[in-house]
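If you want the building blocks of each chain, they are given just below.
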Amino acid sequence: MTSDARERLWDAATYVIAVVIAAFFLVPLLWLLSLSLRTRQEVYLGAARFIPKHPTLANFEQILSDPAFITYLWNGLKLSALGGIGCLLVAAPAAYAFSRFHFQSRSSLMMSILAFQMVSPLVILVPLYRYMSSLGLLDGHFGVTMVYIAVSLPMAVWLLKSSIDGIPKSLEEAAEIDGCSRFGIFWRITLPLVAPGLASAFILIMILNWSQFLVPFLLLSTDSKLPISVAIFTFAGTSNASSTQVLAAACLVAVVPAIVAFLLLQRMIVGALTAGAVKG
Amino acid sequence: MTMTGAAVAGGRGEIARTSLRRRIESHPFSWLLPVALLLGVFYLYPIIDVFRLAFTNASLRGGEEHYTVDSIRALIANPILLDILWTTFVFTAGSVIGQQLFGLGIAVLVMRGERRRLYGMTALRTLVLVAWVIPGIANGLIWQMLFSEAPFGAINSVLRMMHVQPVAWLSDPNIAMVSSIISNVWRGTAFSMIVFYAALKAIDTTLYEAASVDGANGWQRFRFITLPQMRPAILVNSILITIATLNTFDAIISLTGGGPGRATEVLSLYTFNTVFRNLDLAGGSVLSVLMLVISLVLAVGYASMMPRREANE
């Protein structure tokens, strides 16, 4: 067999394996979609009605016309966005310092910030629950947002540091000669230049905040304050076999925003991840 | 005369203020202050407090607190702990091995496809990554709909159509663990894949050309070039995903809830139950310390493997 023919054979094998892998990753989502489009009768027919014979949007209508569900979505969006903005505000100056200043303890400080990433939010929530309770911060979005910010800080500092590393220093040096203050340089020159990095970090943090479950689950108790991630868990606990199709629709509505955000900014996010992941 | 003096004095004040501002601005620690404050309040202080609480009898019910080692002693004497640790080990090992093998396989496949300009490789990569942005809770619920033994359970209803005996995916203790690992691999593989994909791209292609000239076959190229070149990425990745898996909580609580019995109750879930179901703050703190120590050991391993970037600059 010539090497060309062998390569072609491998190409075919590559396609076959790729299809199997794609099926593994796609089928769970398609099953969710299939269930969410069914009537209650068709749900009981299982895989025989993978493509529903009488597809219906009634399940989506039911959840999206429920004001409580809209509130959960809004809470999820609000907490994710506030957490993302707050995190960038706190992380950006630190990332700038790590990128532009040369000081002795720099790399050890960066490593210790990364070390916090390894601590499970559960560990810090055990004592935090009590403090926040005594400070009256339980069951409020302010307290939850602060914890969101803290949880995503280590990653944000690292992402932004590598973005700032990637822009040339010459503009900043020119501004310094013109007598611009250090903070002025950071605010007027560095930050606008690093805007794409800021945007991808923001989206990535928002996606992670959107999935955040433990923090709001523990710190919030009023139903109208819950974000969507906690709400679908609570809903799953109260639903039974006859409302599976509604749960599937709710799940899909909770999942789609994260997928859409990811797809829109895929290149930026993947770039940010791979830049930070392994450089060695 | 006086006016000039005042102007000079004002000018001096201005200079003094500017130079103070300059001094603050040029000191890196003033830039790090916000991060330090937040991490101090929300991480460092709670971590110290977890260690303190581990030596008390604190409870979320309130009541008088005093220092004691009873909570630690009670945990060590508790026969459940060994089961929990074993469950955690099986879940973590299964997930980490599964995600890495699968992630490496997909990365190699996509790389090969891209080299041969095959169609759909970017789509495949994207599809794998989409699973990764699914919230953990939704991940558990989606797989529950797949594993369910009710009529709407996808896998069992396909098995039934093929006249195969349905499997007790979530109600048999041993199979429930396998199911949990499968669902965790589904969501977690993307991270390993993207890390390995980046590492594969970074390998110098001349190495492969040289090997081809020397007559190395595909397997030999993989074994003697790809794997050694990927070593740092594989080591770093295995530590990162081990820690991530240890901290997994939402995907398990929504898939099995730790059941059946305690079959899938991992350390994080057990800690959660101890503190927030049994309201045993001290006991939960001892478990938290245990989680921290395990993560710390892994983190130290990670730090010692990080490439020394400063040296290259």
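Only a predicted model underlies this, so the values are computations on that prediction, with no experimental measurement involved.

Caption draft 1: Spotlight on the UniProt feature "domain: ABC transmembrane type-1" (unreviewed entry) in chain B. Per the UniProt record, "domain: ABC transmembrane type-1" (unreviewed entry) is found at residues 85-298 of chain B. Span residues 85-298 of chain B is 77% helix and 0% strand, its end C-alpha atoms 16 Å apart.

Caption draft 2: Up close: the confidence of the model for chain B. All names here are of chain B. Averaged over every residue, the pLDDT of chain B is 83; residues scoring 70 or more account for 91%. Confidence scores differ between elements of chain B, with helix α14 (residues 309-312) showing the lowest mean pLDDT of 41 and helix α4 (residues 80-115) the highest of 91. Segment residues 309-313 is flagged for pLDDT under 50; beyond a separation of four residues in sequence, or across chains, it makes six contacts in the model.

Caption draft 3: Seen up close, the interface of chain B and chain A. With 95 residues of chain B in contact, the opposing surface of chain A contributes 99 residues. Broken down residue by residue, the surface that chain B buries against chain A is led by W31, Y43 and F152 of chain B, which jointly contribute 10%. Where chain B meets chain A, there are four salt bridges. Of the charged contacts in the structure, one is a salt bridge between R112 of chain B and D11 of chain A, with a shortest N-O distance of 2.9 Å. For the pair chain B and chain A, the interface holds nine residue pairs in polar contact (both at pLDDT 80 or more). For the side of chain B that touches chain A, the leading source of residues is helix α2 (residues 28-54) of chain B, giving 19 residues. Within the side of chain B that touches chain A, the residues separate by chemical class into 68 nonpolar, 13 polar and 14 charged.

Caption draft 4: Representation of the domain arrangement of chain A. Residues and elements named next belong to chain A. Domain boundaries in chain A define domain 1 (3-49) and domain 2 (62-277). Taking only C-alpha atoms, the centre of domain 1 and the centre of domain 2 are 33 Å apart. If you look at the interface, domain 1 gives eight residues, while domain 2 gives eight residues. Area buried by domain 1 at its contact with domain 2 is led by L32, S36 and R40, which between them contribute 51% of it. Taken together, domain 1 and domain 2 are joined by zero salt bridges. For the side of domain 1 that touches domain 2, the elements supplying multiple residues, two or more each, are α1 (3-36) and α2 (40-43). Element by element, the count of residues in the side of domain 1 that touches domain 2 is highest for α1, at four residues. Here the residues of the side of domain 1 that touches domain 2 are counted per class, giving five nonpolar, one polar and two charged.

Caption draft 5: Inspection of the UniProt feature "transmembrane region" (unreviewed entry) in chain A at higher detail. All names here are of chain A. When the UniProt feature table is mapped onto this chain numbering, "transmembrane region" (unreviewed entry) sits at residues 12-33, 79-98, 110-129, 141-160, 191-210 and 246-265. For residues 12-33, the helix share is 100%, the strand share is 0%, and the end-to-end C-alpha distance is 30 Å. The span residues 191-210 carries 95% helix and 0% strand; its end-to-end C-alpha distance comes to 25 Å.

Caption draft 6: Layout of unusual backbone geometry. All names here are of chain B. For R117, which is not glycine, the phi torsion reads 55 degrees and is therefore positive. In this structure R117 comes out as exposed when scored by relative accessible area, which is 72%. The backbone of L279 sits at a positive phi, close to 60 degrees, despite the residue not being glycine. Relative to the assigned elements, L279 resides in the loop between α12 (267-277) and α13 (281-305).

Caption draft 7: Main features of the environment of A150 of chain A. Topologically, A150 of chain A is positioned in helix α7 (residues 141-165). Relative accessible area serves as the criterion here: at 0%, A150 of chain A is assigned to the buried category. It is 9.3 Å that separates the C-alpha atoms of A150 of chain A and G86 of chain A, two residues lying 64 residues apart in sequence. Excluding residues within four positions of it along the chain, A150 of chain A makes contact with L39, F42 and Y43 of chain B.

Caption draft 8: Region of interest: the packing of helix α4 (residues 67-100) of chain A against helix α10 (residues 195-211) of chain A. Residue and element names in this part refer to chain A. Closest axis-to-axis distance for the α4/α10 pair is 8 Å, and the angle between their directions is 135 degrees. Accordingly, the angle class assigned to the pair α4 and α10 is oblique. For the pair α4 and α10, the sense of crossing is right-handed. Listed contacts from α10 to L73, G76, L77, L79, S80, A81, G83, G84, I85, C87 and L88 of α4 are L198, A201, F202, I205, M206, N209 and W210. Among the residues forming the contact of α4 with α10, the class breakdown is 13 nonpolar, five polar and no charged.

Reading the values: rules and limits
Residues numbered from 1 in each chain as written. Chains lettered and ligands numbered in written order. Predicted model: local features only at pLDDT ≥ 70, side-chain atom pairs only at ≥ 80, totals over all residues. Heavy atoms only, no water. UniProt positions renumbered as here; feature names shortened; annotations may be inferred. Helix = DSSP H or I, 4+ residues; strand = E, 2+ residues; numbered from the N terminus. pLDDT = per-residue confidence, 0-100. Contact = heavy atoms within 4.5 Å. Buried area = accessible area lost by both parts, 1.4 Å probe. Salt bridge = Lys/Arg side-chain N within 4 Å of Asp/Glu carboxyl O. Polar contact = N/O pair within 3.5 Å; in protein donor to acceptor, adjacent residues only side chain to side chain. Nonpolar A, V, L, I, M, F, W, Y, C, P; charged D, E, K, R; others polar. Domains from an automatic or database assignment. Buried < 20%, exposed > 50% of the residue type's maximum accessible area, 1.4 Å probe, protein only. Axes fitted to C-alpha atoms, helices over the stretch in contact; angles between N-to-C directions. Parallel < 35°, antiparallel > 145°, perpendicular 65-115°, else oblique. Left-handed = near helix turned anticlockwise from the far one by under 90°.

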